[in-house]
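Reading the structure
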Amino acid sequence: MNDDVLTRPRTRTKPKTERPKLHKVILLNDDFTPREFVVTVLKAEFKMSEDQAHRVMITAHRRGVCVVAVFTRDVAETKAQRATEAGKAKGYPLMFTTEPEE
Ligand code: TYC
């Protein structure tokens, strides 16, 4: 047998701490939620400026969806839930979802 191969310490192939995978929060368009309300939620939940929030809202309005921001999974899911709930509380179908980044 080959002693050298059997006793040689393994060399590390993985970094000690892996970077947590980031998750996208995605805003979905609908036909009912007022534009200004979408902007208000984006500002409150995602700490966006009026300008940023307006751009994200308009992109979702025109294209159907827009990536709002990326976070670790827990943070992304919590923010998406809270933002969706803010719409629901006003009777709007406003929807935020999450998906892992490639
Ligand atoms: N489409 C909505 C309207 O015309 C506005 C809107 C924009 C709703 C973006 C949701 O993610 C959204 N009132």
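What you are looking at is a predicted structure, and each value in this text was computed from that prediction instead of being measured. (Residues numbered from 1 in each chain as written. Predicted model: local features only at pLDDT ≥ 70, side-chain atom pairs only at ≥ 80, totals over all residues. Heavy atoms only, no water.)

This part covers the pairing of strand β1 (residues 22–28). For β1, the tally of buried residues reaches 5 of 7 residues, placing the bulk of the element in the interior. Of the pairings in the sheet, the one linking β1 to strand β2 (residues 65–72) comprises 7 bridges and is antiparallel in character. Note that in β2 the partner of V25 across the bridge is A69. (Buried < 20%, exposed > 50% of the residue type's maximum accessible area, 1.4 Å probe, protein only. Helix = DSSP H or I, 4+ residues; strand = E, 2+ residues; numbered from the N terminus. Pairing = 2+ DSSP bridges.)

With that settled, the discussion passes to the site of the ligand. In the region of the ligand, the neighbouring residues are L27, L28, N29, D30, T33, R35, V38, M57, A60 and H61. Take N29: an N or O atom from its side chain is 2.8 Å from a nitrogen atom of the ligand. Take D30: an N or O atom from its main chain is 2.7 Å from a nitrogen atom of the ligand. Mapped onto the shell around the ligand, the elements with two or more residues apiece are β1, α2 (35–46) and α3 (50–63). Broken down by element, the residue count for the shell around the ligand peaks at 3 residues, all from α3. Classifying every residue of the shell around the ligand by side-chain character gives 5 nonpolar, 3 polar and 2 charged. (Near = heavy atom within 4 Å. Polar contact = N/O pair within 3.5 Å; in protein donor to acceptor, adjacent residues only side chain to side chain. Nonpolar A, V, L, I, M, F, W, Y, C, P; charged D, E, K, R; others polar.)

Here 3 strands make up an open sheet; going across it, the order is β2-β1-β3 and the pairing antiparallel. The open sheet is flanked by β2 and β3 (95–100), the only strands paired with a single partner. Across the sheet, the mean angle from the axis of one strand to that of its neighbour is 30 degrees, orientation sign disregarded. (Axes fitted to C-alpha atoms, helices over the stretch in contact; angles between N-to-C directions.)

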